[in-house]
Every structure is written in C-alpha cells, then in structure tokens.
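Below are the chains, spelled out letter by letter.
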Amino acid sequence: MSLQVLQLQAGYGDIPVLHGVSLEVGEGEVVALLGRNGAGKTTTIKAIMGLVQIRGGRIVYRGTDLTRLPSFRRAQLGLGYVPDDRRIFPELTVRENLLIAHRPGPWTLERVYQLLPRLREIENRRGGLLSGGEQQMLTIARTLMANPRLLLLDEPTEGLAPLIVEEIARLVEALKGEGMPVLLAEQNLRFTGRVADRGYVLETGEVRVEGNMQELLRKDEVVALLSL
Ligand code: ATP
C-alpha cells in the first residue's frame, strides 16, 4: 500500500470539515476523490500534505506515520502536491520554473520534456504568459521535477477546455504507466471515469460511497451525490 488515510478529522480553526475520512491508494493506482463543491476534497488533499490542522486519525505513507510531520518532511518522503491554484512563478521562464523545483531522482528536465513536449516548445516563455492548460502542465511537471513517489492532484482539469483535459488525461495515464500512484480530487466525471481505477465520493466531510470507478459511475446514488 502506498498511502493509507485512517479516520482523518481535520478543519480550519474551530471549524471541523473532515469527520473521519478513510481511504487508500495502492502502488501504481489512480484514485479519485469525488464530491460537490465544499464536500472536503481539497481539505483531504491538504491534510495529507500537512497544510491543514489534523484533529484526529492517521496518515500512513509506505509504512511511515506522517500525521505529525511538517509538510516539507512529507515532501521529502515522497509526496508531490499539485495545488488547484497552480502557483507557478510568473516572472520565471518555463525552464526556470522547472529547474528551481528539481531534486535528485529519475525525473530530469529531459524526461519531463519527453512526457510533455509542449513545455520544451515554450521553455523560454515566462510563466505569467502561459495559457491555463500550459500552466496546469507546468504545475504537474514542476512537481515531477521534485521526484515524488506519489502525486496528489487537486482538480487538475478545473477551468480547462476539453482538448486540454484530454491532454491531462493522457498525462495521468502515462504516469500510471510509469507506476506512479495518484490521488486526484475532481468534479469532472468523464475525466475520472477515464483515468481512475477506484474512487471515493465525499459528502460534507465523510466518505459516502467508494469502489471501482466504473461501478461507481453506474450507481444512481453516486450520480445523485454529484449532481448540483
Ligand atoms: P471545492 O471544489 O469547492 O474546492 P472541496 O470538496 O474541495 O470543494 P473544500 O475546499 O475541502 O471542498 O471545503 C470543504 C469545506 O471547508 C467547505 O465548507 C469550505 O467552506 C470549508 N473551508 C475551506 N477552506 C476553508 C478555510 N480556509 N477556512 C474555513 N473554512 C474553509
């Protein structure tokens, strides 16, 4: 098992948001975290990364208990976090954005460019001048440059045109082909139906349904939980 989240409780200040979320990501598995706006997807990802206060439960990654470790230690142990607001450096070029994130390991600038050839084409362009899709690719590529062993992707397709969503799907499939475990928070069911092996549906900070992704998409209960 790559990642195990056990009865996780987390929130902001005095406000509890997650009320005992349990989930698992196996080695080489792509797992989706589904749910409407406000269900707690982002909070779950941030809690795993150590960016929100944890009130109970445990997070175990490859046998190491992360629950009380600061974020940078979680990153050093192999967690790679792709935030939904992208946070690339607008003044730096694509290449500089990538090099600044590099840590030793199998992922190099060359390998990242092979996976995402578009980034090589625009390597001298400043981050602030990229389209939304290019920014999303750069954000994922930058996280890969730090050589993580598990990726946490927060809403990677949010606000992107269908053709770009298709490219992000191919990218996630390629990473899966490389054996990279991925936990992704998403609202786009077509995308998750394509890339995810399993899924968890959150509602008000609790897992309501979980299972094989294709089976989840056939359940009326899941469709009801995800419709607006
Ligand atoms: P979205 O797609 O809107 O990001 P989500 O499923 O990721 O939805 P979260 O962002 O995890 O949901 O939000 C869960 C709950 O936590 C919501 O009720 C939200 O209002 C609350 N919340 C999120 N961020 C904060 C914060 N910084 N301070 C207080 N409450 C917050």
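Bear in mind the structure is a predicted one, so any value in this text is a computation, not a measurement.

**Quick word on the overall build of the protein**
Looking only at helices and strands, the protein features 10 helices and 10 strands. Expected size for 228 residues packed as a compact globule is a radius of gyration near 17 Å; at 17 Å, the protein falls within 12% of this value. Considering only C-alpha atoms, the protein reaches an extent of 45 × 35 × 30 Å along its principal axes. Buried positions account for 50% of the 228 residues belonging to the protein. Sequence separation of 24 or more characterises 68% of the internal contacts of the protein that already satisfy a separation of 6 or more. With an accessible surface of roughly 10300 Å², the protein has 50% of that area assigned to carbon and sulfur atoms. Positive and negative side-chain charges in the protein, numbering 28 and 28 respectively, have mean positions lying 4 Å apart.

**A word on the site of the ligand**
In the vicinity of the ligand, the contacting residues are Tyr-12, Val-17, Arg-36, Asn-37, Gly-38, Ala-39, Gly-40, Lys-41, Thr-42, Thr-43, Glu-155 and Gln-187. Measuring from an oxygen atom of the ligand, one finds a side-chain N or O atom of Asn-37 at 3.0 Å. Glu-155 places a side-chain nitrogen or oxygen 2.8 Å from an oxygen atom of the ligand. When isolated, the ligand has an accessible area of 620 Å², and the protein chains bury 59% of it. A per-class count over the shell around the ligand returns three nonpolar, six polar and three charged.

**Comments concerning the confidence of the model for the protein**
Summarising the model, the protein shows a mean pLDDT of 94, and 100% of its residues fall at 70 or more. Within the protein, helix α10 (residues 220–226) has the poorest average pLDDT of any element, 86, and strand β8 (residues 182–185) the best, 98. Predicted complex metrics record ipTM = 0.93 and pTM = 0.94.

**As for the packing of aromatic side chains**
The geometry of two aromatic rings is summed up by the distance between their centres and the angle between their planes. Counting across every chain of the model gives zero aromatic pairs. Over the face of the ring belonging to Trp-107 we find Arg-111, whose NZ or CZ atom lies 3.9 Å from the ring centre.

**Some points on the nonpolar core**
Of all hydrophobic cores here, the largest spans 44 residues; its most connected members are Leu-98 and Leu-119. When residues of this core are assigned to domains, at least three fall in each of domain 1 (3–78 + 149–226) and domain 2 (86–148). Among all residues touching Leu-98, those that are not within four sequence positions of it are Leu-109, Val-112, Tyr-113, Leu-138, Ala-141, Arg-142 and Met-145. In this structure, Val-25, Val-31, Ala-39 and Ile-59 belong to the second largest nonpolar core, which totals 29 residues.

**What to know about the UniProt feature "domain: ABC transporter" (unreviewed entry) in the protein**
Under the present numbering, the feature "domain: ABC transporter" (unreviewed entry) in UniProt falls on residues 3–226. Between the first and last C-alpha atoms of residues 3–226 the distance is 25 Å; the span itself is 38% helix and 28% strand.

**Some points on the pairing of strand β1 (residues 3–12)**
Inspection of the sheet shows β1 paired to strand β2 (residues 15–25) by eight bridges, in the antiparallel sense. If you follow Ala-10 over to β2, its bridge partner there is Leu-18. Following β1, the chain reverses through two residues before pairing antiparallel with β2; Gly-13 in that reversal takes a positive phi of roughly 55°. Taken together, the seven bridges between β1 and strand β4 (residues 53–61) define a ladder with antiparallel strand orientation. When the bridges of β4 are listed, Val-5 appears paired with Ile-59.

Thresholds, definitions, all that
- Residues numbered from 1 in each chain as written.
- Predicted model: local features only at pLDDT ≥ 70, side-chain atom pairs only at ≥ 80, totals over all residues.
- Heavy atoms only, no water.
- Helix = DSSP H or I, 4+ residues; strand = E, 2+ residues; numbered from the N terminus.
- Rg over C-alpha atoms; globule rule 2.2 N^0.38 Å.
- Buried < 20%, exposed > 50% of the residue type's maximum accessible area, 1.4 Å probe, protein only.
- Contact = heavy atoms within 4.5 Å.
- Areas by Shrake-Rupley, 256 points an atom, 1.4 Å probe, with all protein chains shown as cover.
- Lys, Arg positive; Asp, Glu negative; His and termini not counted.
- Charge placed at Lys NZ, Arg CZ, Asp CG, Glu CD.
- Near = heavy atom within 4 Å.
- Polar contact = N/O pair within 3.5 Å; in protein donor to acceptor, adjacent residues only side chain to side chain.
- Nonpolar A, V, L, I, M, F, W, Y, C, P; charged D, E, K, R; others polar.
- pLDDT = per-residue confidence, 0-100.
- Phe/Tyr/Trp six-rings, centres within 6.5 Å; stacked < 30°, edge-to-face > 60°.
- Lys NZ or Arg CZ within 6 Å of the ring centre and 35° of its normal.
- Core = buried A, V, L, I, M, F, W, Y, C linked by side-chain atoms within 4.5 Å.
- Domains from an automatic or database assignment.
- UniProt positions renumbered as here; feature names shortened; annotations may be inferred.
- Pairing = 2+ DSSP bridges.

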